[in-house]
Amino acid sequence: MTSTTEPKKQEGGLGETVKVILQAFLIAIIIRTFLFQPFNIPSGSMKETLLVGDYLFVSKFSYGYSRFSFPFSPPLFSGRLLGSTPNRGDVVVFKLPRDESTDYIKRVIGLPGDEIQMIDGVLHINGQPVKREDAGYWMDDEGGGRVQRVKRWTETLPNGVSYYTLDLVENGFYDNTPVYKVPPDHYFMMGDNRDNSTDSRVLSQVGYVPYDNLIGRAQVIFFSVKEGDAAWQFWKWPWTVRWDRLFSFVR
């Protein structure tokens, strides 16, 4: 009896393991596609809101679903399903219009029909300067013992959303721009680190972002390591993890 039932038990155990793995994989795909997708921050264009080494969850349901909501962006349909529009000031992950394999993260500044312009470093929306208040300086820890003192401002959009912006260079290249007229069903995106952000001000690189290219809204930072350190080096976590940023909301 033992010699005949033991292989069956082993076979059943293997089958159950495969079944559990497949179920877990399916659940992960559903969560990633319809609920939350993890992203990490590779550049400093959104400092100090988001830092290099931040890992965050993006809510896929915030603006509905387009083909870019699915892995590999299959052309299953056009437009958005269950769509809702972003608010001015949302921090959004989107597919780069000129290279749809690349994800960018920026802040929504201009809505369809808006006129956007930078004049002497001050953001103007529809001909009106956006409120900007002196917020002192921010110490930018670039890793490796390099710390830079950066001018900081509090910017408040017309809908009341406030956040910090950084001014690395006085009279920077994009501190004075032409007027940008946002087309229908497009959005104007900008990084909070104004002198170190390739965003919608650079029409040849980013430009206006189509509504369909939006992936989701940045919601919460679930992990963060210092710039220049690797997240997988767990033995360094007591010194490299930014503990104060864990489970903080993105605003």
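Residues numbered from 1 in each chain as written. Predicted model: local features only at pLDDT ≥ 70, side-chain atom pairs only at ≥ 80, totals over all residues. Heavy atoms only, no water.

Student: Could you give me a rundown of the overall build of the protein chain, with the residues and numbers involved?
Tutor: Secondary structure assignment for the protein chain yields two helices and 15 strands. Sorting the 251 residues of the protein chain into buried and exposed places 44% on the buried side. Summarising the internal contacts of the protein chain: among those between residues at least 6 apart in sequence, 58% fall at separations of at least 24. Within the structure as shown, the protein chain displays about 13600 Å² of accessible surface, and the carbon and sulfur contribution to it stands at 59%. (Helix = DSSP H or I, 4+ residues; strand = E, 2+ residues; numbered from the N terminus. Buried < 20%, exposed > 50% of the residue type's maximum accessible area, 1.4 Å probe, protein only. Contact = heavy atoms within 4.5 Å. Areas by Shrake-Rupley, 256 points an atom, 1.4 Å probe, with all protein chains shown as cover.)

Student: Give me the sheet that holds strand β6 (residues 122-125): which residues, what numbers.
Tutor: Pairing within the open sheet is antiparallel, and its four strands lie in the order β7-β6-β5-β11. Both outer strands of the open sheet, β7 (128-129) and β11 (180-181), are each paired with one neighbouring strand and no more. (Pairing = 2+ DSSP bridges.)

Student: Can you explain the UniProt feature "transmembrane region" (unreviewed entry) in the protein chain? Please cite residues and give values.
Tutor: As recorded in UniProt, the sites labelled "transmembrane region" (unreviewed entry) are residues 20-39. In the segment residues 20-39, helix accounts for 80% and strand for 20%; the C-alpha atoms at its two ends are 26 Å apart. (UniProt positions renumbered as here; feature names shortened; annotations may be inferred.)

Student: How would you summarise the pattern of salt bridges if you had to cite specific residues and measurements?
Tutor: For the structure on display, the rule yields 14 salt bridges. Between Asp 54 and Arg 245 there is a salt bridge; the shortest N-O distance is 2.6 Å. Here Asp 54 is found in strand β2 (residues 54-59), whereas its partner Arg 245 is found in the loop between α2 (237-240) and β15 (248-249), with 191 residues between them in sequence. Arg 245 sits in the buried class, given a relative accessible area of 14%. For Glu 133, the salt bridge goes to Lys 131, with nearest N and O atoms at 4.0 Å. Looking at Glu 133, the relative accessible area reads 39%, which means it is partly exposed. (Salt bridge = Lys/Arg side-chain N within 4 Å of Asp/Glu carboxyl O.)

Student: I'd like a description of the side chain of Ser 59, backed by residues and values.
Tutor: Relative to the helices and strands, Ser 59 is located in strand β2. Polar contacts involving the side chain of Ser 59 include one to the side chain of Ser 62, which spans 2.3 Å. Once you skip the residues sitting within four places of it in the chain, Ser 59 turns out to touch Leu 35, Phe 36, Ile 215, Gly 216, Arg 217 and Gln 219. (Polar contact = N/O pair within 3.5 Å; in protein donor to acceptor, adjacent residues only side chain to side chain.)

Student: Describe unusual backbone geometry, with residues and values.
Tutor: The phi angle of most residues is negative, glycine excepted, and most peptide bonds adopt the trans form. In this chain, Lys 47 is followed by Glu 48 through a cis amide linkage whose omega measures 0°. Inspection of the secondary structure puts Glu 48 in the loop between β1 (36-40) and β2. Non-glycine residue Asn 171 carries a positive phi angle of around 55°. Mapped onto the fold, Asn 171 is located in the loop between β10 (162-167) and β11. Here Asn 171 falls in the exposed class, since its relative accessible area comes to 56%.

Student: Account for the pairing of β6, naming residues and giving values.
Tutor: Of the two faces of β6, the one holding Val 122 and His 124 and the one holding Leu 123 and Ile 125 are both buried throughout. By the bridge criterion, four bridges tie strand β5 (residues 115-119) to β6 in an arrangement that is antiparallel. Paired with Ile 116 across the bridge in β6 is Ile 125. Following β5, the chain reverses through two residues before pairing antiparallel with β6; Asp 120 in that reversal takes a positive phi of roughly 55°. The pairing of β6 with β7 spans two bridges and is classified as antiparallel. Looking at the pairing, Ile 125 lines up with Gln 128 of β7.

Student: Go over the packing of aromatic side chains, please, and point to the residues and values.
Tutor: On inspection of all chains with the given rule, the structure shows 14 aromatic pairs. Look at Tyr 180 and Phe 188: their rings are 5.0 Å apart centre to centre, the planes differ by 45°, and that puts the pair in the tilted class. Just as Tyr 180 is buried, Phe 188 falls in that class too. A ring pair is formed by Phe 234 and Trp 235, whose centres lie 5.3 Å apart and whose planes are at 80°; its orientation type is edge-to-face. With a relative accessible area of 47%, Trp 235 lands in the partly exposed category. Above the face of the Tyr 211 ring, Arg 80 is positioned so that its terminal group lies 5.0 Å from the ring centre. Geometry around Tyr 163 places Arg 107 over its ring, the cationic atom sitting 4.0 Å from the centre. (Phe/Tyr/Trp six-rings, centres within 6.5 Å; stacked < 30°, edge-to-face > 60°. Lys NZ or Arg CZ within 6 Å of the ring centre and 35° of its normal.)

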